[in-house]
Each structure stands twice: as C-alpha cells, then as structure tokens.
Amino acid sequence: MSEQQIKITLAQLNPTVGDVTGNAAKARAAREKAKADGADLVVLSELFVAGYPPEDLVLKPAFQSACRAAIEELARETADGGPAMLIGTPWVEDGKLYNACALLDEGRIAALRYKANLPNYGVFDEKRLFARGPASGPVTVRGVRIGVPICEDIWLEESEEYENVVECLAETGAEILIVPNGSPYARDKADLRLSIVVARVTESGLPLIYLNEMGGQDELIFDGASFALNADLSVAAQLPAFEENITTLIWRKTADGWRCNGPITPQLEGDKADYAACVLGLRDYVRKNGFPGVLLGVSGGIDSALCAAIAVDALGADKVRGVMLPFRYTAQVSLDDAAKLATALGIRYEVLPIADAVNGFEAILAPVFKGLERDITEENLQARARGTLLMAISNKTGAMVVTTGNKSEMSVGYATLYGDMNGGFNPIKDIYKTEVFRLSSLRNAWKPDGALGPSGEVIPVNIIIRPPTAELRENQTDQDSLPPYDVLDAILERLVEREEPLATIIAAGFDRDVVTRIDRLLNIAEYKRRQAAPGVKVTRKNFGRDRRYPITNRFRDFGQALPEPDDKLVTRTSRASAEAFEG
C-alpha cells in the first residue's frame, strides 16, 4: 500500500449455514481474487464461516470448534504476504459465545471484535445465542485504523442497553468504518439501510462500507446490495443485488479523509426486487438442501403458473415438472391454459386424472358419512387426493413439491391441509393475491439477470385475466367465499403488517362485517399456518419468522373504540415496584 491509498476487496458471497469447509473455501477463493487485484484487505460478511443465521446450531460445541479451526487455518494462510482478511465467525472466549469478526493477517489472528448490540426482534433471536461484546477501538490494517461495527452495532436504538459502537470507534481514532452484515431482504429495506448509514456517517464524519451477505437461507433472503458512502454522503460504490460479487475498491487519503470512487450498479426495486427474491429463495432452498429438482401441481390458475415460472427461472426447465390433476369440475379452459403454460416454459408436463382416487375415498367413507349432507369435506377430498399423488411422485423421484398458496390464502385459511398445502417450499407464501397478478404480468415483460427461463410471455394472458377459482365444485370462484382481492388484501395488510385495531380499519372506510369476518378467519387459521411449508419472506411481517401468534388464543378485537388508559390508577409506589422488579 502506498502512503495515501488502501485497496479493500468486498466479497459479497453466498455462504451455506453449517458448511464450514465450503464457506472457508469461498473465503479462500475471494482472498486469491483480492490478492490478484493487489488488495490490502478482503472483507466477508457477518458469521460468514458459519453461515447466517446459524440459529441454535451455533450452540453445539462441535460446530463452534469447527468454525474456530477453519479461522485458524485461514489465519495461517495469510503468512504468504497477501491481503489481510476480515471475516465473521462465532467465537468462544472465557466460556462466552460471541458473534465475532476476526482480522487475519501475517499468519495469525491479529484482532477479534465482538458484536455489542444483539437484535432480538422480527426474524432475529441473538440475545439467547450470544453474549454482548464490549465496545472496542479500531483494528489496524497496513497502517490504517479501521472500525468494525457488526450489523446491529450501527442500527441505533434508544435504550439504556444500547452501546454506541460508532461513537466509540470515532473517538478512538477510526479512519474508515467497515460493517459486516447479515441483513435480510424486505421491501424498501434498501432505503432503510441507506438512512441508517447516512445517520452514522453524519454522526461520525467517517466513510462507511456496508458489506452484506447474499443468498437464501430457509425463509430469509439476503440480497447483498453492498455499498459504501464517502464522508460527504456521496455514494462511493454500489454492488449489485441478488448475486455474488467480488469488487476491489481503491480508497485514497485526501485533506478531508479517505475517499473512494468505485462502480455503481443500478438496483432492482419494487415488484422486480420481490420477484428476484422469490427466484433466489427457491433456487438456494433446492440447491442447498440437495434436491435434484422440483414438481408442482399445475392447475391452470395464476398461483401455480407464477410458481412454475419462478421455478424455471431459478432452476432451469429441465429441473421442473408440472402435473395437472383434473377432476370433473376442472374446466377445459384450465386444461388448455395449463398445457400452454408448460409449453411456454418448456417443462415436463403430464395429466393424471384423480376421479378414481376421489371416488374411492368417497366409497370408503360412505358408511361413515351416511345421512350427512355433502359439504366442504368432499371438496377437500379432491385437494387431498392431489396432495397425495404429488407427494408420491416426490417420494419416488426425490424432486421436492413446490406448494403454491399465496399470502391472502395463507392469511384466511383458504387452503386445504394435507392437500394443496402439501410441499417442501413456497416461493409466493409472502406475496398477496393482488401482487401475484402484478408479478405475473411483470414476468411476461421482464426477467431478472441470471434467470434460466425463456424471455417473453410465459404465463398465458388468459390465466392472468380469468377470475380465480379452486374448481372444487360447479361454477365456483374465489369470490364466492372471499371479498374481492383488492379489498381483502387491503384489510390484511392493515391487520398483518400494521397490526391496526379493527376500529381503525373500519374508520378508514372498510365494511364492519367484512373486517370482523376477515379478522376471525385470520385468527382461526393459525393452526394451518403452523403446518405450512416455509416460504420466501418479502414483506415486513411474514408468517412464521416475524408474526408468531398462539394457536390457542381467546382474545378477539370486536372493533369498538379503544379505551383510553387511566394513568391515575397507577400509583408512584406501583411504578417503583415494577421498576425494581424489572431491574
């Protein structure tokens, strides 16, 4: 490094949780690329060697030892005179487990920095896994003092427990801030990250590099989209989203501090970002879990059509199999549209009529159901016959069943357990029905970089414009059981994402009876959601990771105006007692 310059390589990579050897190999390859670029330092994301989030896996002593051994081996390799490495790892010290970042240089572990602020909200659960680290000063790389706050250490919270790590680093002489992150994707998350980084740069007067993980881990998608800001808040660099990337940035010291003018990649936004997240989530779930491919029921409806397009974009047509499972209520237009979809996507496709299975079930049940009226029970037999057949093909071939229920259906229980809910993963689980329509139209006009499916119209327009139907009885449409999807989704967004009281929703102009009915359906469907396949998270509050409600739950909001709290009933003595108890 010359006196006025430092080269820092950002390795925005896709680790796999638990694959310590594979993750270390990725880090090693990134260092070789950095070495070829003449870099002084290569940076990897939070807990990279373990994969993020490791959840309770990180509590296993054998796993902790494997991570440490990998870090020590990588450290020994830095004796070759190449770049230093800053890499995230779990680390045990004095009997405590830390979320750490290790600086490896000159054949040794030159420094360790521990995460001080542990998130415990939404999808995060770090307080039960890790000990809080102390606020520490910067590390030194080639004579440059670099501050290493880890992820949540820059997401300031107004609480007595919060450690102002950035302030500490600025006061102890940091010249550049490098933040390793495991920050999952959600809509508008990029704007939120930028606002947080702007606040930290403004407060500290220091340039900041935000290095984020990329890849899918169960429900979570890490979009990468790493970036850097100069001290004057100008964008120093912007890496692409939803893809691995290794970029070396040249930072030069000026009279006003360190500055960089690196590459700036345009970012995906809105529906395009959501679609790319769904593709990445399915791709990594299938590949990281070792499935040879996927299959799904293709009904001629829009949900399965969108899932089929996502699957082909994620895996390629040769790894996707569509199965049409018609019964007597299946319209010819559904058969035609499903066949057109399969042809457009280029997937293997077959038709397996289910009449014999359904009639067989009804014959077996006839003595038990004698004297009882036909109802939804017989309708659900159709869905369960389909689910059984798809799972049989999965068992025989090893291919994973993709389940196709959207968030609107998951919210109100408009799905059949052990039927259309069968499957291993759901790419549109967090996508409302109105958004399914938008994403389908979008896919016909655009596809993300790296998508393996064909360009152009892959979802027949008739599937998009045709009224949705489960086709479980004659002339059925979804709107027989549910309000119009634009109304339903608007109410659900307020109930699920915003947690609004019913009185507030009704006051906004929604019909009281409709709102209370949707709220009731949302509550009673919790037991179904607990048994649903995992699926990609794209909203602020998905089911399972974010929104965790009890199944047994007697509380109901009846839509009355909320009573004002009576502070007069809380005496000074009771407040003091409560504070003493909490302390």
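We now turn to the structure provided with this report. Quick caveat, the model's predicted, so the values are computed rather than measured.

This part takes up the overall build of the chain. Secondary structure summary: the chain contains 17 helices and 19 strands in total. Expected size for 583 residues packed as a compact globule is a radius of gyration near 25 Å; at 27 Å, the chain falls within 12% of this value. Each principal axis of the C-alpha atoms in the chain carries an extent, and together these give about 85 × 70 × 45 Å. A total of 583 residues make up the chain; the buried ones form 53% of that total. Considering only contacts within the chain whose residues lie at least 6 apart along the sequence, 74% involve residues at least 24 apart. Working note: accessible area of the chain is about 25300 Å², and carbon and sulfur atoms make up 52% of it.

As enumerated under the stated definition, the model contains three cavities of 30 Å³ or more in all. Approximately 60 Å³ is the volume found for the largest cavity. Surrounding the largest cavity, Arg113, Tyr114, Pro134, Ala135, Ser136, Gly137, Val148, Asp153, Val165 and Leu169 form its lining. Mapped onto the lining of the largest cavity, the elements with two or more residues apiece are strand 5 (108-114) and helix 3 (165-171). A class-by-class count of the residues in the lining of the largest cavity yields six nonpolar, two polar and two charged. As a volume, the second largest cavity reaches approximately 40 Å³. Lining the second largest cavity are Leu522, Asn523, Glu526, Arg529, Arg547, Tyr549, Pro550 and Asn553. Mapped by element, the contributors of at least two residues to the lining of the second largest cavity are helix 15 (512-524) and helix 16 (526-529). Taken together, the residues of the lining of the second largest cavity break down into three nonpolar, two polar and three charged.

Moving on, we get to the sheet that holds strand 8 (residues 176-181). One open sheet holds the six strands; their spatial order is 6-7-8-9-12-13, and the pairing between them is mixed. On the outer flanks of this sheet lie strand 6 (139-141) and strand 13 (235-238), each paired with one strand and no other. Averaged over neighbouring strand pairs, the angle between their axes works out to 25 degrees when direction is ignored. Bridge count between strand 8 and strand 9 (residues 208-212): five bridges; the pairing is parallel.

Here is what the cut-offs are and how they apply
Residues numbered from 1 in each chain as written. Predicted model: local features only at pLDDT ≥ 70, side-chain atom pairs only at ≥ 80, totals over all residues. Heavy atoms only, no water. Helix = DSSP H or I, 4+ residues; strand = E, 2+ residues; numbered from the N terminus. Rg over C-alpha atoms; globule rule 2.2 N^0.38 Å. Buried < 20%, exposed > 50% of the residue type's maximum accessible area, 1.4 Å probe, protein only. Contact = heavy atoms within 4.5 Å. Areas by Shrake-Rupley, 256 points an atom, 1.4 Å probe, with all protein chains shown as cover. 1 Å grid on protein atoms, 1.4 Å probe; cavity = no way out; pocket = protein on both sides within 12 Å on 5 of 7 lines; lining within 4 Å. Points joined across faces, edges and corners; volume = space filled by probe spheres on them. Nonpolar A, V, L, I, M, F, W, Y, C, P; charged D, E, K, R; others polar. Pairing = 2+ DSSP bridges. Axes fitted to C-alpha atoms, helices over the stretch in contact; angles between N-to-C directions.

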